[in-house]
Amino acid sequence: MPGSIFLCGLSGSGKSTVAPLVAQLRGFTALDTDAMIVADARMTIAEIFSHEGEGGFREREAYAVKSACAHSHSVVALGGGALERDDSFEAVSAAGMLVFLDAPDEVLAARLEPPSGEVRPLLAQPDALSRMRARRIARFERAALRIDTSTLTPGDISRVILSVVEA
């Protein structure tokens, strides 16, 4: 049994939705590094990018990952770029099991259509998802488990994760 379960993947893959479900089924604590950053900064992610740039956001993200790794028996939804830093990847690898939630870019783009009109800062550019995938896939593929979430419900994804963790 891993100490904690870390969910990685691109934006829209289901990490923030699935983490609390797995945590509830397992009796673990659910954490979301993006939510941790927002709570700590008292700003939205878009505001952090506007005021501090991507570098400032990534520093905050590294701190959130380190904090999440200090919790045992948790299910952590990692921000899409959280594993790009070597220190964050190593901390997550040492703290528990990494699960890659994946879906084709077209599915992710459809899921990320903003109902409010607010676009995520890094997704405002054309082909942003495919560029992010190319940059991050090597780390994602080192996960112990990869799940294609494109046709599964969050409950189904949670059960797949638990079946592997409990095996």
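Procedures and definitions
- Residues numbered from 1 in each chain as written.
- Predicted model: local features only at pLDDT ≥ 70, side-chain atom pairs only at ≥ 80, totals over all residues.
- Heavy atoms only, no water.
- Helix = DSSP H or I, 4+ residues; strand = E, 2+ residues; numbered from the N terminus.
- Pairing = 2+ DSSP bridges.
- Axes fitted to C-alpha atoms, helices over the stretch in contact; angles between N-to-C directions.
- Core = buried A, V, L, I, M, F, W, Y, C linked by side-chain atoms within 4.5 Å.
- Buried < 20%, exposed > 50% of the residue type's maximum accessible area, 1.4 Å probe, protein only.
- Contact = heavy atoms within 4.5 Å.

Undergrad: Please set out the environment of A46 residue by residue, giving values where relevant.
TA: With respect to the helices, strands and loops of the structure, A46 is situated in helix α3 (residues 45-69). For the pair A46 and E113, spaced 67 residues apart in sequence, the C-alpha to C-alpha distance is 16 Å.

Undergrad: Lay out the sheet that holds strand β4 (residues 96-102) with the relevant residues and their values.
TA: Strand order in the open sheet formed by 5 strands is β2-β3-β1-β4-β5, with parallel pairing between adjacent strands. A single partner strand is all that each edge strand has here, and the edge strands are β2 (29-32) and β5 (145-148). Put simply, the sheet's adjacent strands are angled 20 degrees from each other on average, direction ignored. Inspection of the sheet shows β4 paired to β5 by 4 bridges, in the parallel sense. Paired with V99 across the two strands is L145, which belongs to β5.

Undergrad: Go over the nonpolar core, please, and point to the residues and values.
TA: By size, the foremost hydrophobic cluster in this structure holds 25 residues, and its most contacted members are F6, C8, L78, L83, V92 and L98. Within the residue set of this core, elements represented by two or more residues are β1 (4-8), α3, α4 (86-95), β4 and α6 (128-140). Per-element tally for this core: the top contributor is α6, with 5 residues. With near-sequence residues (within four places) excluded, L78 lies in contact with F6, L7, C8, K15, T33, V65, L83, V92 and L98. If you look at the next biggest cluster of nonpolar residues, it comprises 18 residues, including I5, V99, L145 and V165.

Undergrad: Can you lay out unusual backbone geometry for me, pointing to particular residues and giving the numbers?
TA: Although it is not a glycine, R42 sits at a positive phi angle of roughly 60 degrees. In this structure R42 comes out as exposed when scored by relative accessible area, which is 76%. Non-glycine residue H73 carries a positive phi angle of around 55 degrees. Structurally, H73 is set in the loop between α3 and β3 (74-77).

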